[in-house]
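Chains, contacts and geometry: an overview
Here's the letter readout for the chains.
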Amino acid sequence: SPIMPSPHKRPTSAGRASNRLAGETSPYLLQHAHNPVDWFPWGDEAFAHARQEEKPILLSVGYSACHWCHVMERESFEHAEIAETMNRLFVNVKVDREERPDVDAIYMAAVQALTGHGGWPMTVFLTPDGSPFYGGTYFPPEDRHGLPAFPRVLNAVADAYRHRRSEVEQGATQLRRIYEVAQQAMGPSGALDAPLFEKAFRELAQRYDSRYGGFEGAPKFPQTMALDFLLRHWRRTGNGRALEIAANSFRSMARGGIYDQIGGGFARYSVDAQWLVPHFEKMLYDNALLLRLGAHLCQATGSPEIRRVVDETVAWVGREMTSPSGGFFASLDADSEGEEGLFYLWTEDELHELLGRELARRAISYYGVTKTGNFEGQNILYVTDDAAVVAAREGVPAEVLHEQLVRIRETLYAARAKRIWPARDEKILAGWNALMLRALAEVARTLEHPQARELALANAEFLFRELVRDDRVFRVHKDGVTRINGMLEDHAATGLAALGMYELTFDPEWMRRAVALAHAAVEWFWDDEANAFFDTASDHEALITRPREITDNAVPSGTSLAVELLLRVAELTADAELRRRAVFVCETLADPMPRHPTAFGHLLGAAELAAFGAVEVAIAGNPESPDFQALARETARRYLPALVLAGGAADAEVPALLEGRVARDGHATAYVCRSHSCDAPVTNPEELGEQLERAAGLR
């Protein structure tokens, strides 16, 4: 496929004087650098100015790929009169939520408490000490759809701050009490036992949409982590319903408009229940999580359709989301040429013109194209039915249809590449890169995928060269500049990615890096008084509260990632203290986990590992030898969600899992253990496969 050209940059106000955001590196902040609003970036200067001027702060939080963020910018922040009102009455601060998830989390909690919902753009009004007292999300320039006009909100808030200051400050004090819960000491709330996970399964099964896949109605998010838990549950218990939900949901998404049928990659979510109309932005983290789930489903089902989607998504990452240095970009915008989704839409006439009569007929049949369209008069491509059904309907052999679809996709991709591209957010975030790196390492290992391996190796070297220093992870890299202290999410995800690289290469350096990051997570993010992990390090910038998000949202929480990292490192290194701490955290959340499984999808998977133990596989021998690789390949082709894998020669630096394990009679030898019980060492791949099957289903 063609290489993606330099992406279309969002137009700015040419010739207009820039504001303080012009010195930032975030593409989102730079998009606002020529607004007539006198924006400040987040920092001491803004708060000092607010105190000096005795003005409240207007905090606006968004991100580059956010459609409604761009709408509010066009309607209000580019509007001279509205900007004048903002500048006269407030100190205005703009934040990229992807750079500062800590700031976003703190003030999103306030908006949710005030309004009962959240989202972006987020608009929050603060006292000069940073305390929130009023807020919302998107405000239109005039009263519309039950939303008050932004100018009216600005004047009302400023008037309250000027003339009823004591009431505002009292309200701010009361609102700050929402943060007290996160500071309270945690204690066990239940046992990690089989009934907990069975209850979580039943709750998810009850919410399952049996017609369209996924959970409940619209809008519909992939809920990838909950699907991954269901796949784990199937493997451990043999419950076929759990596998059915996971596989059908992934397949339904892959056939829907939420998946880019021409270029690969998934959009953020679907606005409808049947996955047809996406919110068109593509986020790196969604694709990382879905790619890893796809690899697991390939192992579990052997589905060629799912394998194709995995292959196409890897190709999309390599083609459109990878920097020359090996880092992965953050996102592709929903909009191009000022319209949402325009880049991805087709008309029936276009297909006839580009493909010719026969191929156009196949594309129209396979992708559900109509004259009237399914989105604003044009067509979002989606798969109407199984390829075999479409082939029968079209009266062609299945292999012929397959060949034609390859040609159709190539032709349409080449034509689409000539359009104006959506803007690409080219900042490189440690946590998101680590999620994608782990997924690619897993795809490379389990599916013997050369491109995934190449991308993983390049990204791993980039990540540890540019964003990790002295076992501390930084948050963001852009234009050669690394900045912002990493959050717990960044440290734990990067540690898990290093483990993924160790399992792929058996290079002990990756294991050492993972172990170091596990200990760094405890040293800098654990709080003994709260008995919990916090999202910011103990030496982080002082904010009005220290954020601690325990639920898995768009990405796994820092807590759930840290728990999994500690558990896996503990298994490799026989570190009882790391295991104790990880199990304790799971026990503190044992009560809400099964009641709210979509909010704890990743943590449920980690807790299952804590409850039932790992499938420990140690392969002794030379990783370059054919007999070692045969054992590693046998391990890789099986879906083993509790797998902790070590490998190498006895004369190398080895983890505790490999100690005393030697290659027998000159042949690479595998050792399989679970629940403090080990099978006999084996050198034969078939015997290893039998042992792994028994270990995987151990209840």
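Residues numbered from 1 in each chain as written. Predicted model: local features only at pLDDT ≥ 70, side-chain atom pairs only at ≥ 80, totals over all residues. Heavy atoms only, no water.

Description of helix H4 (residues 80-89)
Test applied: For every residue, the accessible area obtained with a 1.4 Å probe (protein chains only) is divided by the maximum for its type, and the residue is called buried under 20%, exposed over 50%, and partly exposed between those limits. Only runs of H or I of at least four residues qualify as helices and only runs of E of at least two qualify as strands under DSSP, and these elements are numbered from the N terminus. Throughout, the arc means that of the directions going from the helix axis to the C-beta atoms. Throughout, a residue-residue contact means that at least one pair of heavy atoms, one from each residue, lies within 4.5 Å.
By the burial criterion, the buried members of H4 are Ile82, Ala83, Thr85, Met86 and Leu89. Relative to the axis of H4, the buried residues are bounded by an arc of 155° and lie together on one face. Residues of H4 that are exposed and angled more than 90 degrees away from the buried face: Ala80 and Glu81. Where H4 is buried, its residues contact strand S1 (39-41), strand S2 (57-62), helix H3 (67-77), strand S3 (91-96) and helix H6 (150-163).

Looking at the side chain of glutamate 99
For clarity, the threshold we go by: Counted as a polar contact is a pair of N or O atoms within 3.5 Å, where, for protein atoms, one must be capable of donating a hydrogen and the other of accepting one, and residues adjacent in sequence contribute only when both atoms are in side chains.
Along the chain, glutamate 99 falls in the loop between S3 and helix H5 (101-115). A relative accessible area of 3% means that glutamate 99 is categorised as buried. Within polar-contact distance, the side chain of glutamate 99 engages the side chain of arginine 483 at 3.2 Å. Ignoring anything within four residues of it in the chain, the contact list for glutamate 99 reads Thr25, Ser26, Leu29, Lys427, Arg475, Val476, Arg483, Ile484 and Met487.

Examining the sheet that holds strand S4 (residues 122-126)
Sheet strands line up and pair through hydrogen bonds in the backbone, either parallel or antiparallel. The criterion, for reference: Note: two strands are recorded as paired if DSSP finds a minimum of 2 bridges between them. The angle between two axes is taken between their N-to-C directions and runs from 0 to 180 degrees, where each axis is a line fitted to C-alpha atoms and a helix contributes only its stretch in contact.
Taken in spatial order, the 5 strands make up an open sheet running S1-S3-S2-S4-S5, and their pairing is mixed. Where the open sheet ends on each side, the last strands, each with one partner, are S1 and strand S5 (132-136). This sheet shows a mean twist of 30° between the axes of neighbouring strands, independent of strand direction. Pairing geometry for S1 and S3, over 3 bridges, is parallel. Its bridge partner being in S3, phenylalanine 40 is matched across the sheet by valine 93. Lying on the sheet, H5 is in contact with S2, S3, S4 and S5; it crosses S5 at an angle near 80°.

Let's talk about the pattern of salt bridges
As a reminder of what qualifies: The term salt bridge refers to a pairing of a side-chain nitrogen on Lys or Arg with a carboxyl oxygen on Asp or Glu at a separation within 4 Å.
Applying the stated criterion across every chain, the model contains 58 salt bridges. Of the charged contacts, one joins aspartate 260 and lysine 282 as a salt bridge, the two residues approaching to 2.8 Å between their closest N and O atoms. Residue aspartate 260 is located in the loop between helix H11 (240-255) and strand S6 (269-270), and its partner lysine 282 is located in strand S8 (residues 282-283); the two are separated by 22 residues in the primary sequence. Judged by its relative accessible area of 3%, lysine 282 is buried. For the salt bridge of aspartate 260 with arginine 416, the shortest nitrogen-to-oxygen distance reads 2.9 Å. Here arginine 416 lies in helix H16 (residues 398-416) and aspartate 260 lies in the loop between H11 and S6, a separation of 156 residues in the sequence. With respect to burial, aspartate 260 and arginine 416 carry one shared label: buried. One salt-bridge network, in which partners are shared between bridges, spans Arg235, Glu634, Arg637, Arg638 and Glu693.

Notes on the packing of helix H18 (residues 450-466) against helix H20 (residues 508-525)
As a reminder of what qualifies: Angles below 35 degrees are treated as roughly parallel, those above 145 as roughly antiparallel, those between 65 and 115 as roughly perpendicular, and all remaining angles as oblique. Crossing chirality is assigned from the near helix's rotation relative to the far helix, an anticlockwise turn below a right angle marking it left-handed and a clockwise turn marking it right-handed.
Remark: H18 packs on H20, axes separated minimally by 13 Å, with the N-to-C direction vectors making an angle of 45°. Taken together, the axes of H18 and H20 are oblique relative to one another. H20 is crossed by H18, and the crossing has left-handed handedness. Contacts from Ala460, Glu461 and Phe464 of H18 reach H20 at Trp510, Arg513 and Leu517.

A closer look at the state of the cysteines
Selection rule: Our working definition of a disulfide is a cysteine sulfur pair at a distance within 2.5 Å.
If you walk through the whole model with that rule in mind, you get 2 disulfides. With its sulfur 2.0 Å from that of its partner, cysteine 673 forms a disulfide with cysteine 678. In this structure, the disulfide formed by cysteine 673 and cysteine 678 twists by about 105° around the S-S bond and is classed as right-handed. For the protein, numbering the cysteines in disulfides from first to last along the sequence yields the connectivity 1-2, 3-4.

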